[in-house]
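So the chains spell out like this:
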Amino acid sequence: MRPLLFLAHRIPYPPDKGDKIRSYHILRYLAERFEVHLGCFTDESADKKYLPQLREICAEVFCLPLRAGHVATAAMKALVSGRSMSEMYYSDGRMSGWVSDALQSHSIEDIFVFCSAMAPYALPNGSGRRLIVDAVDVDSEKWSAYARSSSAALRPVFQRERRQVLALEKRAGEGSDRILFVSRAEATTFAALVPELDDRIGWLTNGVDSEYFDPAKVYRNPFRQDELPIVFTGAMDYRANIEAVEWFSLSCFPQVRRLHPRAQFWIVGAKPSSAVRHLSEHEGVNVTGAVPDVRPYLSHAACAVVPLSVARGIQNKVLEAMAMGKPVVVTHGACEGIEAQHGLELLVATRSGEFADRVSETLSGRWPGLGNVARSFVKRRHSWAVNLRVLDDLFLDPDGANRISRPKAAKLLPVEFG
């Protein structure tokens, strides 16, 4: 098979959260069509145990641990170089050397980059090669949102990071054959920011494994029989998730409890911050920490909530809850890119009182059948097997042979499934 270089900012396994779900499914799809040489970083020593699984599908795996205390070093490098902290965080001469050697040793002509922070490793080597960058989200807009909601002391830091990340995203778009995003909405946002690149911008929508997230399977009930469980899932050391559960616990949940005294709010996810752990001091709020499987919590939940105020791209936690046939109540930002309809496939609310009302309605049984429609929606619109076919258009010719085939120019990549 034709060799391909795959670069990722974090080890793309296990597919148990956010970016790893997307990177793993893309990697597995490409590994069925190419001889993949994978270069990535790991931020946890425990991740080393997953290297054998990756070596089963890749011809080569080069994985570097991020150095302890690297954040401060990255910040200093960013100030000196004029680059973003995000780029400097993943800057490592050892990775640069491996990339150069791999490209030459294996005569690699195809490169796939996952996350714009890894693009600097590929851009100097892109000439004469097929280079696709999956930026996933418009990260510069995330930093803009952080700046708006931060203190006066931190606002200039986040504003600078926003400018430098946007410059990096622009360089990635200029130096690649196509830059992809997770949704039409994200692609449109980037096209508005960098209109001169509109013929290189496209999107590849996330999927969900509806056979794994199957409500027909039997799961042990982790809740008491007499309670009405409301569930949030996610990594609980991530700022957006922390702010989301704080807002729901303190601003929405008390109103829900007044109408439904048996309601319990369950925060399900690894590495809860101290702020999250303290939420369990409030009546009816439960913090699990890491769990081996989120499906029992979703299966037996009365509803799922995703009350994110800062969100980019597609939220896998929304797709997973929908796939499990649950009524899902979300903020506008949390459902961006999913293109589901309020009142048909999920419920959308913004203000705390409105959000609490929608949750209370699901607990009262006002929205029967919403979960079933939600599952049908994700099976139809968010199938990995279908959505990943866009990669064939970018890398493969119509006969399926592993040869470079440049796609027809389009203002936005014309791919819509479902």
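Residues numbered from 1 in each chain as written. Predicted model: local features only at pLDDT ≥ 70, side-chain atom pairs only at ≥ 80, totals over all residues. Heavy atoms only, no water.

### Some details on the side chain of Lys317
At step 1: Considering the arrangement of structural elements, one finds Lys317 in helix H13 (residues 316-323).
At step 2: One buried charged residue, Lys317, forms no salt bridge at all, with the nearest opposite charge on Glu320 at 8.0 Å.
At step 3: Each residue touching Lys317, except ones within four places of it in the same chain, is listed here: Phe232, Thr233, Gly234, Asn241 and Val306. (Helix = DSSP H or I, 4+ residues; strand = E, 2+ residues; numbered from the N terminus. Buried < 20%, exposed > 50% of the residue type's maximum accessible area, 1.4 Å probe, protein only. Lys, Arg positive; Asp, Glu negative; His and termini not counted. Salt bridge = Lys/Arg side-chain N within 4 Å of Asp/Glu carboxyl O. Contact = heavy atoms within 4.5 Å.)

### Some thoughts on the packing of H13 against helix H15 (residues 370-381)
At step 1: Running from amino to carboxyl end, H13 crosses H15 at an angle of 120 degrees, the nearest separation of the two axes being 7 Å. Here H13 lies oblique to H15, going by the angle between them. Residues Leu319, Met322 and Ala323 of H13 pack against Gly371, Ala374, Arg375, Phe377 and Val378 of H15.
At step 2: Here the residues of the contact of H13 with H15 are counted per class, giving 6 nonpolar, 1 polar and 1 charged. (Axes fitted to C-alpha atoms, helices over the stretch in contact; angles between N-to-C directions. Parallel < 35°, antiparallel > 145°, perpendicular 65-115°, else oblique. Nonpolar A, V, L, I, M, F, W, Y, C, P; charged D, E, K, R; others polar.)

### Some thoughts on the pattern of salt bridges
At step 1: Applying the stated criterion across every chain yields a total of 24 salt bridges.
At step 2: Here Glu141 ties to Arg162 by a salt bridge, and the two come within 3.2 Å at their closest N and O atoms. Placement of Glu141 in helix H7 (residues 139-149) and of Arg162 in helix H8 (residues 155-175) is noted, with a sequence separation of 21 residues between them.
At step 3: Among the residues examined, Glu141 registers a relative accessible area of 18% and is labelled buried.
At step 4: One salt bridge connects Glu339 with Arg184, and the closest N-O pair in it is separated by 3.2 Å. Of this pair, Glu339 sits in the loop between strand E12 (328-330) and strand E13 (347-348) while Arg184 is found in helix H9 (residues 184-193), placing the two residues 155 residues apart along the sequence.
At step 5: Its relative accessible area of 29% is what places Arg184 among the partly exposed residues.
At step 6: Ionic contacts of the salt-bridge type, sharing partners, join the residues Arg2, Glu109 and Asp110 into one network.

Function cannot be read off these values alone, since they describe shape.
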